[in-house]
Each structure stands twice: as C-alpha cells, then as structure tokens.
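Residues per chain, in single letters:
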Amino acid sequence: MNENTNDSSLESLTLNNNNKSIINNNEKEKSRIIKIIAELIKSICEEGKSNKDDTLLLVKPFISKKIPSISIIDYIERLLKYSKVSDNLFIIALIYIDRISRKHKINLNYYNIHKIILASFICTIKFYEDECFPMNFYAKMGGITLKEINSLEYEFLNLIDFKLFVDNDLFEKYNNNLRSLDFDEEDDFDIYDDSLDGC
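Predicted, not measured: the structure shown is a model, and the values here were computed from it.

Student: Quick rundown of the overall build of the protein? Include the residues and the values.
Tutor: Across its full length, the protein carries 9 helices and 0 strands. Reading the helices (α) and strands (β) of the protein from amino to carboxyl end gives α-α-α-α-α-α-α-α-α. Expressed as a percentage of its 199 residues, the buried residues of the protein come to 49%. Restricting the contact set of the protein to residue pairs at least 6 apart, pairs at least 24 apart contribute 86%. In the form shown here, the protein has an accessible surface area of approximately 10200 Å², with 48% of it arising from carbon and sulfur atoms.

If you want it as structure tokens, here you go:
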C-alpha cells in the first residue's frame, strides 16, 4: 500500500463485557455502515491495483488464483447474514485489516482482500462472541475449505501479533469517524480523509 493509505489507517480494537452495549443498530444504519466499510475497502483495493506488492510472502496464503466474482459488499453482507452478528464487529474486522496493512505495508487488492476479510472477521467473532459456530460453518460461509480457513486464521493472527484487544474509547472514535463519512456523492469520498488520521 502507498504511504498515504498507511497514514490514514486504523488501529485494532476489541469489545469486552463492558462494551457489549454498543452492539445495537437499526437495519437502515446497519446497511449504511456496511456500505461505508465496503466502499472504503474497495477504494483501498483500487489503489492497490497499481502498487507493486513487496509483501508477497506475507500475503501468499490469502491470494486467490483469480478475482472472486462476488463483490466486496455482497461478500461482507453474506458473512454478516450467516454469522448473525452485529455490523459493529465488522468495524473491528476493518480495523484489524488496517492494522496488518499498516504494520507490514501489505498491498491490499482484489486478489487477496476476500480471504483477508474472512480471516479478520473470523478472528473478530472468536474474540468477541461468547458463542461461535464450528469452523466448518465459517469455511462454507466464506466459500473455502476447512483446512484453508484454519490456515488463514493462523496466518492472520501472526500478522496481527495476536493483538486483538482495544478499549471502548478507541472503538467509539473509529465508529464515529466511519459513520460520519458520506458516500452519497462518490466524488466527495476520500479514503485519506483527515478525520481518520491519528486513529
């Protein structure tokens, strides 16, 4: 990823028992935040298309032979639909993705983003949720094998140094920044928005 993307990136965070209360949103707001997250990731991938990937070995387990036919927003909506978790968990998954891309300067693109999204989402669910589905369920949900999803989870945890905890204040900062973005006017969207700097 280029330097600007890394500068505007997010840090990781976690929910604990004291901040479970933030897992409440109406369906309209849920749809909006998922669109924002998907557009943000899409913009990162568009930028990544033109950047040379110097971290191939780090992301090799996440690279698909061809670009998946399912769009980023449809993939995220599929994961949320079948996992039956709050969209707030996907905010955290996005923050984890940003953490590894910034730490390792990973070039996110359409060949690796789906598996990175899935691995980040699985790590988020397993860290935050009291009850989880079996891994073969998540593998089917993500469109990969059980062996592969176990491998992706392991690789992702290593990339993020197993650092999955963040305090509630940091979560709220990112949550508010993301929800303040406006995608109604595509030309107005800037992935390097100053409002995300320092988060």
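Student: Describe the packing of aromatic side chains, with residues and values.
Tutor: How two aromatic rings sit relative to each other is set out by the distance from centre to centre and by the angle between their planes. Throughout the structure, instances matching the rule amount to 5 aromatic pairs. With a centroid separation of 4.2 Å and 35° between ring planes, the pair formed by Phe 133 and Phe 137 is classed as tilted. Overall, Phe 133 belongs to the partly exposed group, its relative accessible area being 34%. Where Phe 133 meets Tyr 138, the ring centres are 6.0 Å apart and the plane angle is 70°; that geometry is what we call edge-to-face. Residue classification places Tyr 138 among the buried residues on the basis of a relative accessible area of 2%. By the ring-pair criterion, three or more aromatic residues cluster together here, those being Phe 133, Phe 137 and Tyr 138.

Student: Please give an account of the nonpolar core that cites residues and values.
Tutor: Formed by 58 residues in total, the largest nonpolar core has its most connected members in Ile 41, Ile 72, Ile 76, Phe 90, Ile 117, Phe 121 and Phe 156. Those residues within four positions of Phe 90 in sequence are excluded, and the remaining contacts are Ile 34, Ile 37, Ile 76, Leu 79, Leu 80, Ile 117 and Phe 121.

Student: Explain the pattern of salt bridges to me, and be specific about the residues and the numbers.
Tutor: For the structure on display, the rule yields 4 salt bridges. Here Asp 87 and Arg 179 are joined by a salt bridge, their closest N and O atoms 3.3 Å apart. Of this pair, Asp 87 sits in the loop between helix H4 (72-83) and helix H5 (88-104) while Arg 179 is found in helix H9 (residues 168-180), placing the two residues 92 residues apart along the sequence. Neither residue differs from the other here; Asp 87 and Arg 179 are each classed as buried.

Student: Would you mind going over the side chain of His 114 in detail, with residue names and values included?
Tutor: Within the secondary structure, His 114 sits in helix H6 (residues 113-128). Overall, the relative accessible area of 6% leaves His 114 in the buried class. For His 114, the side chain forms a polar contact with the main-chain oxygen of Ile 70, separated by 2.9 Å.

Student: Can you break down H9 residue by residue, with the values?
Tutor: The end-to-end C-alpha distance of H9 is 18 Å, a good match for the 18 Å that 13 residues give at a rise of 1.5 Å each. All buried positions along H9 are accounted for by Leu 170, Phe 171, Tyr 174, Asn 175, Asn 177, Leu 178 and Arg 179.

Student: Hey, could you go over helix H8 (residues 146-159) for me, with residue numbers and the actual values?
Tutor: Over its 14 residues, H8 runs 20 Å from end to end, which matches the ideal 20 Å to within 8%, given 1.5 Å per residue. Asp 161, located one to two residues past H8, shows a positive phi value of around 60°.

Student: Which residues make up the packing of H4 against helix H7 (residues 135-142), and what are the values?
Tutor: Two elements in contact, H4 and H7, have axes separated by 9 Å at closest approach and are oriented at 150°. When the axis of H4 is compared with that of H7, the two are roughly antiparallel. Every pair of crossing elements has a handedness; the one defined by H4 and H7 is right-handed. Between H4, through Tyr 75, Arg 78, Leu 79, Tyr 82 and Ser 83, and H7, the contact on the second element is made entirely by Phe 137, Tyr 138, Lys 140, Met 141 and Gly 142. In terms of residue class, the contact of H4 with H7 is made up of 6 nonpolar, 2 polar and 2 charged.

About the thresholds
- Residues numbered from 1 in each chain as written.
- Predicted model: local features only at pLDDT ≥ 70, side-chain atom pairs only at ≥ 80, totals over all residues.
- Heavy atoms only, no water.
- Helix = DSSP H or I, 4+ residues; strand = E, 2+ residues; numbered from the N terminus.
- Buried < 20%, exposed > 50% of the residue type's maximum accessible area, 1.4 Å probe, protein only.
- Contact = heavy atoms within 4.5 Å.
- Areas by Shrake-Rupley, 256 points an atom, 1.4 Å probe, with all protein chains shown as cover.
- Phe/Tyr/Trp six-rings, centres within 6.5 Å; stacked < 30°, edge-to-face > 60°.
- Core = buried A, V, L, I, M, F, W, Y, C linked by side-chain atoms within 4.5 Å.
- Salt bridge = Lys/Arg side-chain N within 4 Å of Asp/Glu carboxyl O.
- Polar contact = N/O pair within 3.5 Å; in protein donor to acceptor, adjacent residues only side chain to side chain.
- Expected span 1.5 Å × (residues − 1).
- Axes fitted to C-alpha atoms, helices over the stretch in contact; angles between N-to-C directions.
- Parallel < 35°, antiparallel > 145°, perpendicular 65-115°, else oblique.
- Left-handed = near helix turned anticlockwise from the far one by under 90°.
- Nonpolar A, V, L, I, M, F, W, Y, C, P; charged D, E, K, R; others polar.

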